[in-house]
Amino acid sequence: MAKWGMVIDLEKCTGCQACTVACGMENSRLPGEHWQDVIFFNEGTYPNTQLKWFPRPCMQCENPSCVAVCPTKATYKSEEGQVLVDWERCIGCKYCMIACPYGVRFYTDEKPAYGGPDMKEAFPSDDAHSWTPPWKAPQEDWKHGVGVQPHDVVSKCTFCYHRVSKVPAGTINLDPSDPKLREHTPACVVTCAPGARFFGDLDAPDSEVNRQIAAKNGVRLLDHLGNKPQVYYLTGEGASVPADRAVKPKI
Amino acid sequence: MIARTEPKSVGEVFALFGRLYRENGPLGFTRLALTLGKTPTPAGRWWLWSVLLTVVAGLFVLYQLFTVGHSAFNTSSGGVVWGMPIATYVYFALISSGLTMIASLGTVFGFKQFLPIAKRCIFLSIITLVAAFSVLALELGHPFRMIWAMPTGLQVMSPMFWMGIFYTIDLILLIIKFYLMWQEDWESPLSHAVGVAGFVAVILASGMLGMVFGSMVMRPMWYGPFTSIYFMLTAGLCGAAAIVVTTYMAYGFNRNAMPERLRAMASGHDLPMVFATLIGLTLIMFVTRFWVGLWSNLDGMEGFRLLVRTPLFHIELWLGLVLPFVMMLMPGLQRRMWPQITASFLVLGAMFINRYEFVIGGQMIPMFKGTWAFSVPAYTPSATEWALTAMGFGIALALYAGGEKLFHLSDLPPHAEDVEVTGQLVIS
């Protein structure tokens, strides 16, 4: 059984947000409900400032605090390492959103975050779904938090569970340049133009992700919190993983 | 006019209602129920207004939830995900816990001078917990799903799971204890055991509610074992303030109308001493929490600096805690009625601010949220959230007034010395 993990090379990431858009299209997300996002932030004070960006999917932690706090076991860790939400068990208490250090969980029954029209009102649903996107990917699996969600549940990145779970057994590298594996690779990895993302089996010593982590000193975001992310960042010489919450409030 | 004592069994209650229905007809019965009997009582005056408040606020919330859904709240995935309804839930849940602790002074720990308020404490503890659960149920996305998903999920790692377990046990034990008191069984081994178990349950429940927040290492403004202790001790203060306010309310804010034992307690030394001690403990913890928070550089602690700049913080500290503390320490004021009432109201107001700033303040510094969350989230409760809070207050007040009419909440154990039976329920 594979333990899927992702490596993001910050030296290659251009902050183009193609991953964010691909994720939104693949998973039929609302505007603002960015399971995958690239956070832009400033560091330093004028005149010595830098614009930085930081791609941030769900970390699919090995020791996920969101799973531990869920009072109904709606949030769970799959055998292959994805942290998923069973939308038929979720009671919408939002405790997992409180407990996630990475801010990657979303509750869509709220006012639009982006100031635009409310897409849920523009494209309402007449069944149990929370809305009907004008274009929607075909997959739907509420037990694994895939598809358009019902009302009043928490949603999150699934590592494209609907794609990855169908990968041929024994695969350790999900390389989007391989036509046989492309459709099983997470959408953000497939779309990444500079090839900054790698996806593979963290349990296989020879996998590309492990090779990259070893060769380029892969680090994990907020590692001191003990959640042990399965997403690793390569920082190299030109980039860094923020040691704090990235968005520094002006206080 | 029929003078009645408190009905002594559930059967008697239904028989009474049945007789009233037959004698007065449907319209007359409804009118009697709405006015809580023809004879006005001090607590009964609160009934109509609180029922009205509950109905209006509750209908508004339900209308919003059915038409708009939880989008009617101003909470946001980008920052404050637990809004004012959660603060209101914590407020009422901890008032309930505190009332059980205060009741236990007399029923468990043998401080007989506190027995005159024990029954009222237990009753109020039940109804404030009902108010807390009602608010929480309307805040949750799927409250009914919780009923089967929590027992079948058995996520023993979740503090929220244990909070639910212990508050449910707490509620059941409170109802049993109240039933036994209603049956005038205060001191049998069973009644004592229920009291002890109830006290243990309430310590665990309030501690577990503290742990819901205190275990969140990624939210340093909440994190730490201190949080559970903070919740337990401040619960005690909330309970003390609530029982002082409601006991005076029951007698129309007139100490002379009280039974002798109760009057003696209200004008004695022990009540202000306990009250002042609890305010003092709260002040120490409150100041310690902010002191440490303001000093620390840890990422996420910046919220403390935001909080001390709000007027609410200063209203809470100076008006809601320091002033009542001084009032309860001053020999010339501490035993007088109006200073006691004023101090209690101020403390109840301050503790609402406290729960609000605890819950909201702890989420002010956003996580790695992304494109739409640039800075400190702006959160102001929406009309629906205010209405939900108002509904919580309405439920607590209405059930209190109803209970004041139905039961003798100032009852003492049947064999207690100097028992004075007054305040009989009068229903025409």
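Residues numbered from 1 in each chain as written. Chains lettered and ligands numbered in written order. Predicted model: local features only at pLDDT ≥ 70, side-chain atom pairs only at ≥ 80, totals over all residues.

Right, let's talk about the overall build of chain B for a bit. Along the backbone of chain B there are 14 helices and two strands. Relative to the globule expectation of 22 Å for 428 residues, the C-alpha radius of gyration of chain B, 22 Å, shows essentially globular dimensions. Its C-alpha atoms give chain B principal-axis dimensions of about 70 × 55 × 40 Å. Sorting the 428 residues of chain B into buried and exposed places 50% on the buried side. Within chain B, contacts between residues separated by at least 24 positions form 79% of all contacts whose residues are at least 6 apart in sequence. (Helix = DSSP H or I, 4+ residues; strand = E, 2+ residues; numbered from the N terminus. Rg over C-alpha atoms; globule rule 2.2 N^0.38 Å. Buried ≥ 20, exposed ≤ 12 C-beta atoms within 10 Å, placed from the backbone. Contact = placed C-beta atoms within 7 Å.)

A separate point is the overall build of chain A. Scanning chain A from N- to C-terminus turns up eight helices and nine strands. Taken against the 2.2 N^0.38 rule, which gives 18 Å for 251 residues, the C-alpha radius of gyration of chain A at 18 Å falls within 12% of a compact globule. Dimensions of chain A, computed from C-alpha atoms along their principal axes, come out at roughly 50 × 50 × 35 Å. Every one of the 251 residues in chain A was classed for burial, and the buried ones make up 51%. Pairs at least 24 residues apart make up 56% of the contacts formed inside chain A by residues separated by at least 6 positions.

What follows is about the interface of chain A and chain B. When the parts of a complex come together, some accessible area is lost, and that lost area is often taken as the interface size. The interface is formed by 44 residues belonging to chain A together with 47 residues belonging to chain B. Elements that contribute at least two residues to the side of chain A that touches chain B include exactly β2 (37–43), α2 (65–69), α3 (95–99) and β6 (105–107) of chain A. In terms of residue count, α3 of chain A provides more of the side of chain A that touches chain B than any other element does, four residues in total.

Residue and element names in this part refer to chain A. Across the five residues that make up strand β8 (residues 197–201), a large majority, five, are buried. Here five bridges tie strand β1 (residues 4–9) to β8, and the two strands are oriented antiparallel to one another. The partner of Val7 across the bridge, within β8, is Phe198. (Pairing = 2+ DSSP bridges.)

Here the focus is the sheet that holds β1 of chain A. Residues and elements named next belong to chain A. On the basis of which strands lie adjacent, the open sheet formed by three strands has the order β8-β1-β9 and mixed pairing. Each of the sheet's edge strands pairs with one partner strand only, and the pair in question is β8 and β9 (231–234). Along the sheet, successive strands turn relative to each other by an average axial angle of 20 degrees, direction set aside. (Axes fitted to C-alpha atoms, helices over the stretch in contact; angles between N-to-C directions.)

Residue and element names in this part refer to chain B. For the pair helix α2 (residues 44–67) and helix α14 (residues 383–406), interaxial distance at closest approach is 7 Å and the crossing angle is 145 degrees. Where α2 crosses over α14, the two elements pack in a sense that is left-handed. For the pair α2 and α14, contact is made by Gly44, Trp46, Trp47, Ser50, Val51, Leu53, Thr54, Ala57, Gly58, Phe60, Val61 and Gln64 and by Thr384, Ala387, Leu388, Ala390, Met391, Gly394, Ile395, Leu397, Ala398, Ala401, Gly402 and Lys405, respectively. Partitioned by chemical class, the residues of the contact of α2 with α14 number 15 nonpolar, eight polar and one charged. (Left-handed = near helix turned anticlockwise from the far one by under 90°. Nonpolar A, V, L, I, M, F, W, Y, C, P; charged D, E, K, R; others polar.)

What follows concerns helix α6 (residues 159–182) of chain B. The terminal C-alpha atoms of α6 of chain B, which comprises 24 residues, lie 34 Å apart, in line with the 34 Å expected from a rise of 1.5 Å per residue. Looking one or two residues beyond α6 of chain B, the residue adopting positive phi is Glu184 of chain B, at roughly 60 degrees. (Expected span 1.5 Å × (residues − 1).)

With that settled, consider the packing of helix α4 (residues 118–139) of chain B against α6 of chain B. All names here are of chain B. For the pair α4 and α6, interaxial distance at closest approach is 9 Å and the crossing angle is 145 degrees. For the pair α4 and α6, the sense of crossing is left-handed. Contacts from Lys119, Ile122, Phe123, Ser125, Ile126 and Leu129 in α4 reach Tyr167, Leu171, Leu174, Ile175, Lys177, Phe178 and Met181 in α6. Grouping the constituent residues of the contact of α4 with α6 by class yields ten nonpolar, one polar and two charged.

The next point concerns the pairing of β2 of chain A. Residues and elements named next belong to chain A. Bridge count for β2 against strand β3 (residues 50–56) is seven bridges, and the pairing is antiparallel. Bridge assignment links Val38 to a residue of β3, and that residue is Pro55. The antiparallel hairpin formed by β2 and β3 contains six residues in its connecting segment, where Gly44 sits at a positive phi of about 85 degrees.

Moving on to the environment of Asp170 of chain B. All names here are of chain B. Counting through the fold element by element, Asp170 comes out in helix α6. Look at Asp170 and you get buried, because 27 C-beta atoms sit within 10 Å. Each C-alpha atom of the pair Asp170 and Val326 lies 34 Å from the other, and the pair is 156 residues apart in sequence. Leaving out residues up to four positions away in the same chain, Asp170 has contacts with Gly198, Ala201, Val202 and Ala205.

A few words on the environment of Trp222 of chain B. Residue and element names in this part refer to chain B. Residue placement: Trp222 occurs in the loop between α7 (189–214) and α8 (226–250). Remark: the alpha-carbon pair of Trp222 and Gly362, spanning 140 residues in sequence, is separated by 6.2 Å. When neighbours within four sequence positions are excluded, Trp222 is seen to be in contact with Phe213, Gly214, Met216, Thr227 and Gly362.

What follows deals with helix α5 (residues 143–153) of chain B. All names here are of chain B. Among the residues making up α5, those that are buried are Met146, Ala149, Met150 and Gly153. One side of α5 carries all its buried residues, which in axial view fall inside an arc of 100 degrees. Every exposed residue of α5 that faces more than 90 degrees away from the buried side is listed here: Phe144, Ile147, Trp148, Pro151 and Thr152. Those residues of α5 that are buried are in contact with α6. (Arc of directions from axis to C-beta.)

Okay, the confidence of the model for chain B next. All names here are of chain B. Per-residue confidence for chain B averages 91 on the pLDDT scale, and 94% of its residues sit at or above 70. Low pLDDT, under 50, characterises residues 418–428; the stretch is placed with 29 contacts to residues that sit more than four places away or in other chains. Overall fold confidence for the complex sits at a pTM of 0.94, while the interface term, ipTM, reaches 0.94. (pLDDT = per-residue confidence, 0-100.)

Our next topic: unusual backbone geometry. Cis geometry marks the peptide bond from Tyr46 of chain A to Pro47 of chain A; its omega dihedral reads 5 degrees. Examined against the element boundaries, Pro47 of chain A turns out to sit in the loop between β2 and β3. Positive phi, normally seen in glycine, also occurs at Cys160 of chain A, with a value near 50 degrees. Mapped onto the elements, Cys160 of chain A comes out in the loop between β7 (154–156) and α5 (161–164). One non-glycine residue, Glu184 of chain B, lies in positive phi territory at about 60 degrees.

Another aspect to go through is the environment of Leu115 of chain B. Residues and elements named next belong to chain B. By the element assignment, Leu115 lies in the loop between α3 (84–107) and α4. What makes Leu115 buried here is the crowd of 21 C-beta atoms within 10 Å. Spatially, the C-alpha atom of Leu115 lies 25 Å from that of Tyr91, the residues being 24 residues apart in sequence.

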